[in-house]
Amino acid sequence: MIPPGATASKPQPSFATERLLLRPFQYTDGADVERLAGDRLIADTTKHIPHPYPEGAAAEWIATHADLWANGTGAPFAVVERATDTLVGGIGLVIDDASRSAELGYWIGVPHWNKGHASEAGRAVLAFGFRLGLHRIEARHLTRNPASGRVMQKLGMTFEGILREATRKWDTYEDLAVYSILDREWEAAQVAG
């Protein structure tokens, strides 16, 4: 596992999949983040994305990423189509070093839905997380967003249950579905796959 501060002198990595580049967000991504993530369809089904997305808020958010990486508590990545060098979304891990676990979160802009980007990026980030020494990675989705649950299933995550009215989105209590995968399950799937 990455101990806090261990990454301070080592930049966050970038890595490529067949169609995607996962890299740290850059300040120049701010306008695209605000445009894509600020779409009401994205904000409506994610826990923390606001709508409307305030101008300049993406740059403020991106400015927090270096510290997350440096102190070992997070690894946020921009999801970029390699062929077009187009930002299509974001994905990342919120890391809990004490339990050697993390929460996976992601969003893909509406124009890029149904192309398999979330699953492809998710596989790469799970592999990265387990290489960091994580034992467990979980993900959650609003139960009214079953498409996100299908991504988690494609990643080999196991459904653990429903957290009833566990979060609030726009003054409405929402149920959350929880999925997870353990390091040994990930390793077994890679050997079998």
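Quick note: structure is the one above.
Here is a short report on the structure shown in this document. (Residues numbered from 1 in each chain as written. Predicted model: local features only at pLDDT ≥ 70, side-chain atom pairs only at ≥ 80, totals over all residues. Heavy atoms only, no water.)

Section: unusual backbone geometry
Move 1: That bond from His-51 to Pro-52 is cis: its omega, -5°, falls within 30 degrees of zero.
Move 2: Mapped onto the elements, Pro-52 comes out in the loop between helix H2 (40–44) and helix H3 (57–63).
Move 3: In this structure, Arg-100 takes a positive phi of about 50° despite not being glycine.
Move 4: Mapped onto the elements, Arg-100 comes out in the loop between strand S4 (86–96) and strand S5 (101–108).
Move 5: Of note, the phi angle at Asp-171 is positive, near 65°, even though the residue is not glycine.
Move 6: For Asp-171, the location among the structural elements is in the loop between strand S7 (158–169) and strand S8 (172–182). (Helix = DSSP H or I, 4+ residues; strand = E, 2+ residues; numbered from the N terminus.)

Brief notes about the pattern of salt bridges
Opposite charge on two side chains permits pairing when their charged atoms draw close.
Move 1: Counted according to the given criterion, the structure contains 9 salt bridges.
Move 2: The salt bridge involving Arg-23 is made with Asp-29; its shortest N-O contact spans 2.8 Å.
Move 3: By relative accessible area, which is 5% here, Asp-29 ends up buried.
Move 4: Among the salt bridges present, the one from Asp-32 reaches Arg-35, with a minimum N-O distance of 3.1 Å. Here the residue Asp-32 and the residue Arg-35 both occupy positions in helix H1 (residues 30–37), the gap between them amounting to 3 residues, near one helical turn.
Move 5: Judged by relative accessible area, Asp-32 falls into the partly exposed class, the value being 28%.
Move 6: For Arg-35, a relative accessible area of 51% gives the class exposed.
Move 7: Taken together, the salt bridges that share partners define one network made up of Arg-136, Glu-138, Arg-140 and Glu-160. (Salt bridge = Lys/Arg side-chain N within 4 Å of Asp/Glu carboxyl O. Buried < 20%, exposed > 50% of the residue type's maximum accessible area, 1.4 Å probe, protein only.)

Points about the side chain of His-141
Move 1: With respect to the secondary-structure elements, His-141 resides in strand S6 (residues 136–142).
Move 2: His-141 gets classed as buried once you look at its relative accessible area, which sits at 7%.
Move 3: A distance of 3.2 Å separates the side chain of His-141 from the backbone oxygen of Asn-145, its partner in a polar contact.
Move 4: Contact partners of His-141, with chain neighbours within four places excluded, come to Pro-146, Ser-148, Gly-149, Met-152, Asp-175, Leu-176, Ala-177 and Tyr-179. (Polar contact = N/O pair within 3.5 Å; in protein donor to acceptor, adjacent residues only side chain to side chain. Contact = heavy atoms within 4.5 Å.)

What about the environment of Gly-30?
Move 1: When you line up the elements, Gly-30 lands in helix H1.
Move 2: Each C-alpha atom of the pair Gly-30 and Glu-55 lies 9.0 Å from the other, and the pair is 25 residues apart in sequence.
Move 3: Discounting residues that sit within four places of it in the chain, Gly-30 has contacts with Ala-58 and Ile-62.

What to know about the pairing of S8
Move 1: Burial runs high along S8: 8 of the 11 residues are buried.
Move 2: Two elements, S6 and S8, share 7 bridges in a ladder whose sense is antiparallel. Bridging from a neighbouring strand, Ile-137 pairs with Ile-181 of S8.
Move 3: Between S7 and S8, which pair antiparallel and follow one another directly, the connecting turn spans 2 residues, one of which, Trp-170, has a positive phi of 55°. (Pairing = 2+ DSSP bridges.)

Notes on the packing of aromatic side chains
Move 1: Evaluated as defined, the whole model comprises 7 aromatic pairs.
Move 2: If you follow Lys-169 out to its NZ or CZ, it ends over the ring of Trp-170, 4.8 Å from the centre. (Phe/Tyr/Trp six-rings, centres within 6.5 Å; stacked < 30°, edge-to-face > 60°. Lys NZ or Arg CZ within 6 Å of the ring centre and 35° of its normal.)

Here we look at H1
Move 1: Within the span of H1, buried status applies to Gly-30, Val-33, Glu-34, Leu-36 and Ala-37.
Move 2: As for H1, its buried residues are in contact with H2, H3, S4 and S5.

A few points about the nonpolar core
Move 1: Judged by nonpolar contacts, the single largest core of 35 residues is most densely connected at Leu-22, Ile-91, Leu-93, Leu-104 and Ile-137.
Move 2: Taken together, the elements giving at least two residues each to this core come down to strand S2 (20–23), strand S3 (74–81), S4, S5, helix H5 (117–131), S6, helix H6 (146–154) and S8.
Move 3: The biggest single contributor to this core is H5, with 8 residues.
Move 4: When sequence neighbours within four positions are dropped, the list of residues in contact with Leu-93 reads Thr-73, Gly-74, Ala-75, Ala-102, Glu-103, Leu-104, Val-125, Phe-128, Gly-129, Leu-134 and Ile-137.
Move 5: Ranked by size, the runner-up nonpolar core spans 15 residues in total, among them Phe-25, Ala-37, Tyr-53 and Trp-107. (Core = buried A, V, L, I, M, F, W, Y, C linked by side-chain atoms within 4.5 Å.)

Structural measurements only, silent on function.
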